[in-house]
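Secondary and tertiary structure notes
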Amino acid sequence: MSGFDGTAAGSVAERLRTWEWIYLGYLVFLPAQPYFSPDPAWWEWPLAIVVCAATVLLYAIALLRSRSAWSVWASVVPMAVLGALATPFNAAASVLFIYAAAAAGNSLPWRVARRWFAGLTVLDCVTALLSQVPVSYRLLGFGSALVMIWVIGLLELRQRDRRQELENQRLRNDQVELLATLAERERIARDLHDLLGHSLTAVVMRAQLTKELVLADPERARAESEEIERNAREALSAVRSTVTGWRRTSVRAELEVARRTLAGTGVTLQVNVDGEPGLVATTEHELGLALREAVTNVTRHARASSCRIGLDTDGERVRLVIADDGIGGDAPEGTGLTGLRERIMKLGGSVQRSGSAGTTLVITVPVEAA
């Protein structure tokens, strides 16, 4: 009776071409009674044919319906009514009670469906008492229906729950895939922001300096031009690796980039690294991006003359400090610093920004993450 499955109407024809039609084979028991009866009444053959045709129609409705309250009135109730009217005259018509139980089990909640099973059982017993069919046919038809109402009905309930669980699992998998896609998009967006913001700032600053040096100091202008080309090539390579997810940076690498960038803008850099904190690749990458963002802000907004970068650990937390003597202070935070906070918070760390004269950025991550 698994044929009572709520599916789209477009798939019904395909299902009927496979194994769903097999369940209609139970209807052969209806004409079996007048066929084997030694003296059938004139109405027994027409009754069997009409009941079979009506059952096929209700079966098709059960296949086409959606799982809703409407399905009770479209399939379960008509089957039960037709079975109650026909079984007193043809015991094999009790098979309609089984069809009704399957439809109820597939479309109704557990508590409601079991009430329908009980009601169909009572209806089967009442029609058995009112039946005019000989006892031999009556016991075979009504007795099997009493058992199969519960067997098929409960099986349909369990199969429906199994299908629902599979559908829920599919939805959960789709949600995980969507969240992973969104996370990857955010990663690429943040990395590109940090990368291009820093690289383009360095290119713009050096291009401005080169324009001023073309006449005054051609040799230095040439050197700055070569530096601009190198920065552009590095940015292009980093963009490609960022998109493919292969890009990794480190604090040491970003310190070297910071030296070149700040030197090109006339900012004096002081670096103080207290030993090797032993960072894992993920934390090293995130701290490197944080350092890049902070240096970009110093270059672009601070108008500073000096910058200090420190990296140390106290045994529990690794701390990265970037301080300048510019005009940043308490200016509103931009998207770069917001993204920096999000990355560090995912590591269980924190970002503190302070300073009325200049800006001090203190980034800390737990040693466990490092």
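A few words on the overall build of the protein. Per the secondary structure count, the protein includes eleven helices and five strands. Sorting the 370 residues of the protein into buried and exposed places 42% on the buried side. In the protein, once contacts between residues fewer than 6 apart in sequence are set aside, the share between residues at least 24 apart is 69%. Only carbon and sulfur atoms are counted for the fraction: they give 62% of the accessible area of the protein, which is about 19700 Å².

To continue, consider the pairing of strand β4 (residues 350-354). Both β4 and strand β5 (residues 359-366) contribute to a ladder of five bridges, which runs antiparallel. Bridge pairing links glutamine 352 to valine 362 in β5. The hairpin formed by β4 and β5 contains four residues between the paired strands, and glycine 355 there has a positive phi angle of roughly 120°.

Take the sheet that holds strand β1 (residues 268-273) next. The strands that make up a sheet are held in pairs by hydrogen bonds between backbone atoms, and each pair lies either parallel or antiparallel. Read from one edge of the open sheet, five strands run β1-β2-β3-β5-β4, paired in mixed fashion. The open sheet has two free edges, formed respectively by β1 and β4, since each of these has just one partner strand. Here the average twist between neighbouring strands, direction ignored, is 10°. Bridging between strand β3 (residues 317-324) and β5 involves eight bridges; their strand directions are antiparallel. Bridging across to β5, valine 321 finds its partner in valine 362. Packing of helix α10 (residues 281-302) onto the sheet brings it into contact with β2 (306-313), β3 and β5, and relative to β3 it is tilted by some 10°.

Below, the discussion takes up a nonpolar patch on the surface. The grouping of Leu146, Val147, Met148, Val151 and Leu155 at the surface amounts to a nonpolar patch, some 370 Å² of accessible area in total. Here valine 151 is to be found in helix α7 (residues 135-216).

Reading guide: rules and limits
Residues numbered from 1 in each chain as written. Predicted model: local features only at pLDDT ≥ 70, side-chain atom pairs only at ≥ 80, totals over all residues. Heavy atoms only, no water. Helix = DSSP H or I, 4+ residues; strand = E, 2+ residues; numbered from the N terminus. Buried < 20%, exposed > 50% of the residue type's maximum accessible area, 1.4 Å probe, protein only. Contact = heavy atoms within 4.5 Å. Areas by Shrake-Rupley, 256 points an atom, 1.4 Å probe, with all protein chains shown as cover. Pairing = 2+ DSSP bridges. Axes fitted to C-alpha atoms, helices over the stretch in contact; angles between N-to-C directions. Patch = residues over 30% accessible without salt bridge, like charges linked within 9 Å, V, L, I, M, F, W, Y side chains within 5 Å. Salt bridge = Lys/Arg side-chain N within 4 Å of Asp/Glu carboxyl O.

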